[in-house]
Amino acid sequence: MYSIENKVFEKYISKVELQDTVSRLANSINKDYANKEVLFIVILNGAFVFASDLLRQINIPCQVSFVKVSTYDNEQSTNKFKQLIGLNEEIRDRHIIVVEDIVDTGFTMLNIRQQLLKLAPASIEIASLLFKPHKFKQDYSVKYIGFNIEDPFIIGYGLDLNGYGRNLPEIYQIKN
């Protein structure tokens, strides 16, 4: 159990499950991109822990860049996309893997993909630790998915509630 801002959270995904899943995703990426160079674009703030663990297991030539966007307001996803920090690397004709903590409706990733596609990359794929297939409403795919989840509000392993909980080594869901 963990408490933040008068809300109680219980363990949802263990440290071992996270490590196993990150290894599985890294192995898939290493295999799919053997003999290719990749630019990983990490979405801040939530994906930084996942990206850190993932990238330490990547053994192909790669670079890493960071973009900060936000669509969450407290506990609710909004339909407002804000790009706060932009991309500085040239991506024309490069293989791009966007690393995200969670994809639910897909609205944020839709906007990120649209912006990246304008820059003519060779390819764009998405690696998301968490995915809500029942909420996803877009016509693109998420190739690398760690866990399919339902609707609980979650914290830990980079995910937060008003900035708190990102440092937790496991993922916790809000207790009703």
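Structure: see above.
Residues numbered from 1 in each chain as written. Predicted model: local features only at pLDDT ≥ 70, side-chain atom pairs only at ≥ 80, totals over all residues. Heavy atoms only, no water.

K.L.:
Before we move on, can you summarise the overall build of the protein with the specific residues and values?
P.N.:
Helices and strands together make up the secondary structure of the protein, namely three helices and 10 strands. Starting at the N terminus, the α and β elements of the protein follow one another as β-β-α-β-α-β-β-β-α-β-β-β-β. The globule rule puts the C-alpha radius of gyration for 176 residues at 16 Å, and the 16 Å found for the protein is close to it. Expressed as lengths along the three principal axes of its C-alpha atoms, the size of the protein is roughly 50 × 35 × 25 Å. Looking at the protein as a whole, 48% of its 176 residues qualify as buried. Contacts spanning at least 24 positions in sequence make up 68% of the contacts within the protein whose residues lie at least 6 apart. Total accessible area computed for the protein in this model is approximately 9,100 Å², and 45% of it derives from carbon and sulfur atoms. Counting 20 positive and 21 negative side-chain charges, the protein places the averaged centre of each group 2 Å from the other. (Helix = DSSP H or I, 4+ residues; strand = E, 2+ residues; numbered from the N terminus. Rg over C-alpha atoms; globule rule 2.2 N^0.38 Å. Buried < 20%, exposed > 50% of the residue type's maximum accessible area, 1.4 Å probe, protein only. Contact = heavy atoms within 4.5 Å. Areas by Shrake-Rupley, 256 points an atom, 1.4 Å probe, with all protein chains shown as cover. Lys, Arg positive; Asp, Glu negative; His and termini not counted. Charge placed at Lys NZ, Arg CZ, Asp CG, Glu CD.)

K.L.:
Can you explain the sheet that holds strand 1 (residues 2-4)? Please cite residues and give values.
P.N.:
Read from one edge of the open sheet, four strands run 1-2-10-9, paired in antiparallel fashion. Bordering the open sheet on either side are strand 1 and strand 9 (154-155), each of which pairs with just one other strand. Where strand 1 meets strand 2 (residues 7-13), three bridges bridge the pair, whose relative direction is antiparallel. Residue Ile4 lies in a different strand from strand 2, and its bridge partner there is Lys7. (Pairing = 2+ DSSP bridges.)

K.L.:
Describe the packing of aromatic side chains, with residues and values.
P.N.:
As enumerated under the stated definition, the model contains four aromatic pairs in all. Centroid distance Phe9 to Phe153: 6.4 Å. Interplanar angle 50°. Geometry classified as tilted. One end of the pair, Phe9, is in strand 2; the other, Phe153, is in the loop between strand 8 (144-148) and strand 9, and 144 residues separate them in sequence. Since its relative accessible area comes to 0%, Phe9 is described here as buried. Look at Phe136 and Tyr140: their rings are 5.1 Å apart centre to centre, the planes differ by 90°, and that puts the pair in the edge-to-face class. For Phe136, a relative accessible area of 18% puts it in the buried group. In this structure Tyr140 comes out as buried when scored by relative accessible area, which is 7%. A connected cluster of aromatic rings, assembled from ring pairs, spans Phe131, Phe136 and Tyr140. (Phe/Tyr/Trp six-rings, centres within 6.5 Å; stacked < 30°, edge-to-face > 60°.)

Shape descriptors only; they carry no functional weight alone.
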